[in-house]
Amino acid sequence: MSERNPLEPIRKAITELDSELLTLLARRRALSLDVARSKEDAIKPVRDSERESALLTRLVSQGRELGLDGQYISRLFHTIIEDSVLRQQAWFQAQNNPQQAPTTRVAYLGAKGSYSYLAAHHYFGRRDRTLVEMGMESFDAIFQAVEQGQADHGILPLENTSSGSINEVFDLLQHTNLHIVGETTETIAHCLLVQPGTELEQIRTIYAHPQVHTQCSRFLASLSGIHQAYCASSAEAMEKAAADPSGSSAAIGSERGGALYGLTVRDTALANQQRNESRFIVVARKPVTVPPQVPAKTTLIMATGQKPGALVEALLVLRDQGINMTKLESRPIHGNPWEEMFYLDVEANVQSEAMRNALSELTRLTRFIKVLGCYPCETILPTELDSTALANDPRLTEDATLATSAPTVSDGSAALYSREHKFDDTLVRVGKVTLGGDAFVTIAGPAAVESEQQIQTTAHAVREHGGAILSGGCFLDSVGGGFAGLGQAGVDALCLAGQRHGLPVMTEVTQVEQVSAVAAQVDLLQIGEHNMHNTALLSEVGRSQRPVILKRGLMATLEELLAAAEIIMAQGNQQVILCERGIRTFDSASRHTLDLSAVPLLRGMTHLPILIDPSQAAGRRDLILPLAKAAKAVGAHGLLIEVHPSPEQALREQNQQLYVEQYAQLMKSLYC
């Protein structure tokens, strides 16, 4: 008789727990709808940010007492809160629009498996609507199907974070009588799909939609000897790849869509940008009413007069009414050469007093204006944790005030970095991470990206123990013939690791020629201490749209550091983060002397976020934990920490990189 598998009782217990979790999640979702019902008469907004923050803070604290990582808890409950908010919004929407039938005919681009098909199921699935699917060959066909009553709704991609706006859809919106009644944002995870058993070297043709070609242009450019064919939709691309009897065709599409055609994933993360998302709109013949409990978005088009300042005058109307504009897009008016139609998205309900006043004023200022739709906004930003409540170490509550005069530039105006130019603290967004304000963020990774396996292992550890951003050197100095990094191959490996583990990524640029290509891939750039005075490089990153960490030079004063930041900001990039990483002194106990006094001094002089790099300052891993605690105590906004799976085998900086276990202890000390 064979021995019993020791895993069986463990697996059985896990299965039972999973079933209990599903039951509890279903009960929680039902309770969230009870919350919505209780708010119906009180006209209270769906989201209560203060309560969400207090709830998440309490849950993280309770989770840590049970040995659960704070990032794990926050990610889990961000998803639960998002589902709750969207469910409540959908309930309110249904109550205010009772004429909507439980079954809806939806026209979308392509066939089963296309991204539009997946977006339709995502959007209407949350509303418990049964779909009658209607795949179409073109965007124009979708509009016609809804306009003629053949379909109740149409779903159309409007813009993508990688390839930008989809102009054809914008142009069709100029001439339609349909109304925008909803939106949804989908993460687009492009995969290389092949027939089972097909290897990369066997592929002769790759099918993809033109927009997908644009979004994956770097991956496609890396291939040689492979024909790249355009298709009307991703579904058609997958259909063609699946129908090839030779098995030598591939398609770019989603994993879920490929499965519908019997295709398997050969490669992932093909998009140029790590964060590749598409926004879809939902159109119908009749508009919807958005209840006051639900945050609304209004889309309108307008044509301004042909005179200087006409557009600015129109936009000032929105400002004066306190209305936030989230998108401005211009498209040519067909038949009117050199004239433009402007598309605007604003965060306002068309029934609100502010929006009614704005439309009344805009009607007087513009040659043409039309509301395309008012609909629920489905951009659910993550709940911010109450970092003060979570921290054991007291944070500085007042900024230093030692700067006695306003720094100025050559024309006499206040310097861009100064408190005189901008009093409030700058908040820099890196992916979904915020640097600045009350947040305390840890950026972590190896001194150098050495291999794909090394950076993947490190990324797992960084994410597992609460790191917010993954770092890794790719272009390094080779003083004494040391390891100089993997260059572009290192950037590719770093980005892949960040994508697989859900982390934004940061690396250093050292030459002007690197900036454009690297900025197109990573989320955050770094200027090292040796390049703090490199005006050409500072100017180039200033022309980039990526946030920049600027490190203080070894012999630089704080005024010189801020002057370097001014060079970046003067080129247009206001997303500068300062970093103190040690200065050269007579003391030789550590590599450099960490100037902690720089933090309160800088907080009085500038609105920019301030980081501390204890790894580079100390050059010794045994000093990193106390220096990190001190950095938090004096009010820094975050840390740069070097961590490596096997520091003794690292190709550089062996003595200052933490072991994973030490990194875990550091994070626990800082955040528990």
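Before reading further, recall that the structure is shown in the block above.
Since we're looking at a predicted model, the values are computed, not measured.

Calculation notes
- Residues numbered from 1 in each chain as written.
- Predicted model: local features only at pLDDT ≥ 70, side-chain atom pairs only at ≥ 80, totals over all residues.
- Heavy atoms only, no water.
- Salt bridge = Lys/Arg side-chain N within 4 Å of Asp/Glu carboxyl O.
- Helix = DSSP H or I, 4+ residues; strand = E, 2+ residues; numbered from the N terminus.
- Buried < 20%, exposed > 50% of the residue type's maximum accessible area, 1.4 Å probe, protein only.
- Phe/Tyr/Trp six-rings, centres within 6.5 Å; stacked < 30°, edge-to-face > 60°.
- Lys NZ or Arg CZ within 6 Å of the ring centre and 35° of its normal.
- Pairing = 2+ DSSP bridges.
- Axes fitted to C-alpha atoms, helices over the stretch in contact; angles between N-to-C directions.
- 1 Å grid on protein atoms, 1.4 Å probe; cavity = no way out; pocket = protein on both sides within 12 Å on 5 of 7 lines; lining within 4 Å.
- Points joined across faces, edges and corners; volume = space filled by probe spheres on them.
- Nonpolar A, V, L, I, M, F, W, Y, C, P; charged D, E, K, R; others polar.
- Contact = heavy atoms within 4.5 Å.
- Core = buried A, V, L, I, M, F, W, Y, C linked by side-chain atoms within 4.5 Å.
- Parallel < 35°, antiparallel > 145°, perpendicular 65-115°, else oblique.
- Left-handed = near helix turned anticlockwise from the far one by under 90°.
- Right-handed = clockwise from strand over helix to strand, strands pointing away.

**Focus on the pattern of salt bridges**
In the structure shown here, the tally under the stated rule is 25 salt bridges. Between K327 and E159 there is a salt bridge, with the nearest N and O atoms lying 2.9 Å from each other. Taken together, the positions of K327 in strand β13 (residues 324–332) and E159 in strand β3 (residues 153–160) put the pair 168 residues apart, joining distant regions of the chain. By relative accessible area, K327 is classed as buried at 15%. Given the relative accessible area of 21%, E159 is considered partly exposed. Between E361 and R364 there is a salt bridge; the shortest N-O distance is 2.4 Å. A residue pair is termed a helical-turn pair when its members lie 3 or 4 positions apart in one helix, as E361 and R364 do in helix α12 (residues 353–365) at three residues. Among the residues examined, R364 registers a relative accessible area of 58% and is labelled exposed. In this structure, a network of salt bridges that share partners links the residues E159, E183, R279, K297, K327, E329 and D345.

**Concerning the packing of aromatic side chains**
Evaluated as defined, the whole model comprises five aromatic pairs. With a centroid separation of 4.9 Å and an interplanar angle of 85 degrees, the aromatic rings of Y123 and F124 are classed as edge-to-face. A relative accessible area of 5% places Y123 in the buried class. Considering the side-chain rings of F170 and Y343, the 5.0 Å spacing of their centres and the 80 degrees angle between planes classify their relative orientation as edge-to-face. One end of the pair, F170, is in helix α6 (residues 167–173); the other, Y343, is in strand β14 (residues 340–347), with 173 residues separating them in the sequence. The residues F170 and Y343 share a single accessibility class, namely buried. Its end group placed over the ring of Y123, R127 keeps NZ or CZ at 3.7 Å from the ring centre.

**Section: the sheet that holds strand β8 (residues 227–230)**
Each strand in a sheet pairs with another by means of backbone hydrogen bonds, the pair being arranged parallel or else antiparallel. Strand order across the open sheet formed by five strands is β8-β7-β9-β6-β10, with mixed pairing between neighbours. The open sheet has two free edges, formed respectively by β8 and β10 (264–267), since each of these has just one partner strand. Taking the axes of each pair of neighbouring strands and ignoring which way they run, one obtains an average angle of 35 degrees across the sheet. The pairing of strand β7 (residues 205–208) with strand β9 (residues 249–253) spans three bridges and is classified as parallel. What sits directly across from I206, in β9, is A250.

**Focus: empty space enclosed by the protein**
This structure, assessed with the given rule, holds two cavities of 30 Å³ or more. The computed volume of the largest cavity comes to approximately 220 Å³. Lining the largest cavity we find 17 residues, and of these Y115, S116, P157, H209 and S234 sit closest to its centre. Elements represented by at least two residues in the lining of the largest cavity include exactly α4 (115–125), α7 (210–215) and β11 (277–284). Per-element tally for the lining of the largest cavity: the top contributor is α7, with three residues. Taken together, the residues that form the lining of the largest cavity break down as eight nonpolar, nine polar and no charged.

**Concerning the sheet that holds β13**
Overall, antiparallel pairing links the four strands, which are arranged β13-β14-β12-β15 in an open sheet. Each edge of the sheet is formed by a strand with only one pairing partner; in this case those strands are β13 and β15 (366–376). Ignoring strand direction, the axes of neighbouring strands in this sheet form an average angle of 20 degrees. The strands touched by helix α11 (residues 310–320) are β12 (296–304), β13 and β14; relative to β12, the strand with the most contacts, the crossing angle is about 155 degrees. Contacts from α12 reach β12, β14 and β15, with the element oriented near 155 degrees to β15.

**A word on the nonpolar core**
The biggest cluster of nonpolar side chains holds 63 residues, and the ones touching the most others in it are L470, L525, L550 and L578. For L550, the residues in contact, after removing those within four places along its chain, are I527, M532, L538, L561, A564, A565, I568, V576, I577, L578 and C579. If you look at the next biggest cluster of nonpolar residues, it comprises 31 residues, including V106, F219, L220 and A284.

**Description of the packing of helix α21 (residues 624–633) against helix α22 (residues 660–671)**
In the contact formed by α21 and α22, the axes pass within 10 Å of each other and the chain directions differ by 25 degrees. On the basis of the axis angle, α21 is roughly parallel to α22. Judged by the twist between their axes, the crossing of α21 over α22 is right-handed. The segment α21 lies against α22, with I624, L625, A628, K629 and K632 engaging L666, S669 and L670. Taken together, the residues of the contact of α21 with α22 break down into five nonpolar, one polar and two charged.

**Structural notes on the pairing of strand β23 (residues 576–580)**
It is a general feature of regular strands that their side chains alternate between the two faces of the sheet. With respect to burial, β23 is a largely interior element, five of its five residues being buried. Of the two faces of β23, the one carrying V576, L578 and E580 and the one carrying I577 and C579 are both buried. Both strand β22 (residues 548–551) and β23 contribute to a ladder of four bridges, which runs parallel. Paired with V548 across the strands is V576, a residue of β23. Tracing the backbone out of β22, into helix α18 (residues 558–570) and back to the parallel element β23 gives a crossover that is right-handed. Bridging between β23 and strand β24 (residues 610–612) involves three bridges; their strand directions are parallel.

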